[in-house]
Amino acid sequence: MLKKYLIFCYIFVLGSASPEVTLSNFVKGKTHTNNWAVLVDTSRFWFNYRHVANVLSMYRSVKRLGIPDSQIILMVADDMACNPRNPRPATVFNNAHQHINVYGEDVEVDYRGYEVTVENFVRLLTGRLTPSTPRSKRLLTDDGSNILIYMTGHGGDGFLKFQDSEEITNVELADAFEQMWQKQRYNEILFIIDTCQAASMYEHFYSPNILAIASSLVGEDSLSHHVDPAIGVYIIDRFTYYALEFLERVTPDSKKTLAQFLQVCPKRVCISTVGVRRDLYTRDPDNVLVTEFFGSVRNVELFDNLLNFPECGNPNISKPDPITEKEDVDAREKRPLTYANQLPIHRIS
């Protein structure tokens, strides 16, 4: 049992997408240990089909790269798959050739329809949810979490519309991120927004460790990519189309970096100018793997011999003597064992 525990502890230490993880950083509580994704479509109505396709395409990519549904919060403001105008019910496509049904058979939507509101979004980020909120609708992150936040919809200078009836402003979004930082709810955030005048949404950010990407600068529109004649509407936006084209070439063990991702949509193909804000982000994007946000890579090394990591528990506990291979089973069962304290588990308030 002791041997199994110590091996588990070692795996937990190395179980990060970041190659910079060390045991000392883990003990200090500064390790990137898990990835989450918050994917938000804020638009309703059939003519906004592309926004649903945008967010479902991003959902498919992060899930393919290893982030489980339990760590993905998917907010979809309208159900295009079941819309009576859809000529192919129960499907959503992001390409006119209809190669991939991004709705699929295993999409888990956490907030749908009129649940997608500014209030619910801010409460989700800050953790200020009612006690009755189910676990699937909670962002159970901690100070070791890297969070991908992707938003798509209709926006303007300093706001993003929800449901065509309300707006979240850039100040409200910035304050929500600051609450997350003060409450130790993230390690780093990659914020991506695909909307008109998208760069205005990150202008007021002031919390550390946030890298923000916008599909258009202030004063620019973010344009759609192409129409599917069979459906009769635009089915994906330009920035998201080229971002997904890049992500389709990424594998869980890929060495592609965020610096490469920042170049996916030059102005000659996007028409709009992609905006990037890096002053709050301390690391060089050239040294940050794409999978540190879009995937859930586990670098694991197994040992056959016993490993002692007193740092994983109470430093005052005595170290157990090594168990040699010469001891028989009876001796091992009689040997008193000392266990480290349980690893921290997020508490739901």
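Treat the numbers as computed from the prediction; the structure is a model and nothing was measured. (Residues numbered from 1 in each chain as written. Predicted model: local features only at pLDDT ≥ 70, side-chain atom pairs only at ≥ 80, totals over all residues. Heavy atoms only, no water.)

Asker: Lay out the state of the cysteines with the relevant residues and their values.
Answerer: Inspection of the entire model under this criterion finds one disulfide. Through a disulfide, Cys265 is tied to Cys270; the S-S separation comes to 1.7 Å. Between Cys265 and Cys270 the sulfur-sulfur dihedral comes to about 105 degrees; the bridge is accordingly right-handed. Each member of the pair, Cys265 as well as Cys270, is classed as buried. (Disulfide = S-S within 2.5 Å. Buried < 20%, exposed > 50% of the residue type's maximum accessible area, 1.4 Å probe, protein only.)

Asker: Could you give me a rundown of the pairing of strand β7 (residues 166–169), with the residues and numbers involved?
Answerer: One ladder, built from four bridges, connects strand β6 (residues 159–162) with β7; its direction is antiparallel. Bridge pairing in β7 links Leu160 to Ile168. Hairpin connection, β6 to β7: the antiparallel pair is bridged by three residues, and Gln163 has positive phi, about 60 degrees. (Pairing = 2+ DSSP bridges. Helix = DSSP H or I, 4+ residues; strand = E, 2+ residues; numbered from the N terminus.)

Asker: Go over the packing of helix α3 (residues 49–64) against helix α6 (residues 238–247) with me, naming the residues and quoting the values.
Answerer: The interhelical angle for the contact between α3 and α6, taken along N-to-C directions, is 15 degrees, at an axis separation of 10 Å. Viewed along their axes, α3 and α6 adopt a mutual orientation that is roughly parallel. For α3 against α6, the interelement crossing comes out left-handed. Packed against α3, whose contacting residues are Asn54, Ser57, Met58, Ser61 and Arg64, the element α6 presents Thr240, Leu244 and Leu247 at the interface. Across the contact of α3 with α6, the residue classes break down as three nonpolar, four polar and one charged. (Axes fitted to C-alpha atoms, helices over the stretch in contact; angles between N-to-C directions. Parallel < 35°, antiparallel > 145°, perpendicular 65-115°, else oblique. Left-handed = near helix turned anticlockwise from the far one by under 90°. Contact = heavy atoms within 4.5 Å. Nonpolar A, V, L, I, M, F, W, Y, C, P; charged D, E, K, R; others polar.)

Asker: Hey, could you go over the packing of aromatic side chains for me, with residue numbers and the actual values?
Answerer: Evaluated as defined, the whole model comprises ten aromatic pairs. Ring geometry for Phe45 against Phe47: centres 5.9 Å apart, planes inclined by 20 degrees, an arrangement best described as stacked. Their ring planes at 50 degrees and their centres at 5.2 Å tell us that Phe261 and Phe294 sit as a pair that is tilted. You can see Phe261 sitting in helix α7 (residues 258–261) and its partner Phe294 sitting in helix α9 (residues 291–294), a full 33 residues away along the chain. Pairwise contacts between aromatic rings join Phe177, Phe191 and Phe205 into one cluster. Between Arg44 and the ring centre of Tyr114, over which it is positioned, the NZ or CZ distance is 4.3 Å. (Phe/Tyr/Trp six-rings, centres within 6.5 Å; stacked < 30°, edge-to-face > 60°. Lys NZ or Arg CZ within 6 Å of the ring centre and 35° of its normal.)

Asker: I'd like to hear about the side chain of Ser207, residue by residue, with values.
Answerer: Along the chain, Ser207 turns up in the loop between β8 (188–194) and β9 (210–214). The exposure class of Ser207 is buried, given its relative accessible area of 1%. Polar side-chain contacts of Ser207 include one of 2.6 Å to the side chain of Glu178. What Ser207 contacts, discounting residues up to four positions off in sequence, is Ala174, Phe177, Glu178, Trp181, Tyr186 and Leu280. (Polar contact = N/O pair within 3.5 Å; in protein donor to acceptor, adjacent residues only side chain to side chain.)

Asker: Give a description of the pairing of β6 that names residues and reports values.
Answerer: Where burial is concerned, the two faces of β6 differ: the one with Leu160 and Phe162 is buried and the one with Phe159 and Lys161 is not. As judged from the two bridges shared by strand β5 (residues 155–156) and β6, these two strands associate in the antiparallel manner. The residue of β6 that forms the bridge with Gly156 is Phe159. Following β5, the chain reverses through two residues before pairing antiparallel with β6; Gly158 in that reversal takes a positive phi of roughly 95 degrees.

Asker: Provide a residue-level description of unusual backbone geometry, including the pertinent values.
Answerer: One non-glycine residue, Gln197, lies in the positive phi region at around 55 degrees. Tracing the chain through its elements places Gln197 in the loop between β8 and β9. One non-glycine residue, Ile271, lies in the positive phi region at around 70 degrees.

Asker: Give me the lowdown on the nonpolar core, citing residues and values where you can.
Answerer: Leu39, Tyr49, Phe261 and Phe294 are the most contacted members of the largest nonpolar core, which totals 53 residues. With eight residues, the top contributor of residues to this core is α3. Apart from residues no more than four positions distant in its own chain, Phe294 is found in contact with Met58, Ser61, Val62, Leu65, Ile67, Leu148, Leu190, Ile192, Leu247 and Phe261. By size, the runner-up hydrophobic cluster in this structure holds 39 residues, among which are Ile168, Tyr186, Phe191 and Met201. (Core = buried A, V, L, I, M, F, W, Y, C linked by side-chain atoms within 4.5 Å.)

Asker: An account of the sheet that holds β5 is requested, with residue identities and associated values reported.
Answerer: Ordered in space as β5-β6-β7, the three strands form an open sheet in which the pairing is antiparallel. Unpaired on one side and paired on the other, β5 and β7 mark the two borders of the sheet. The strands that helix α4 (residues 118–126) touches are β6 and β7; relative to β7, the one it contacts most, it runs at about 35 degrees.

Asker: Tell me what's going on with α3, and back it up with residues and numbers.
Answerer: Helix length check: α3 (16 residues) gives 23 Å between terminal C-alpha atoms against 22 Å at 1.5 Å per residue, within 8%. Of all 16 residues that make up α3, 13 are buried, and the element is covered over most of its length. One or two steps after α3, the chain reaches Gly66, where phi turns positive at roughly 120 degrees. (Expected span 1.5 Å × (residues − 1).)

Asker: Go over the packing of α4 against helix α5 (residues 170–182) with me, naming the residues and quoting the values.
Answerer: Packed helices, taken two at a time, are described by the angle their axes make and the gap between the axes. Taken N-terminus to C-terminus, the directions of α4 and α5 make an angle of 25 degrees; their axes are 8 Å apart at the nearest point. Of the possible angle classes, the one that applies to α4 and α5 is roughly parallel. On α5, the residues touching Phe121, Val122, Leu125 and Thr126 of α4 are Leu173, Ala176, Phe177, Gln179 and Met180. Taken together, the residues of the contact of α4 with α5 break down into seven nonpolar, two polar and no charged.

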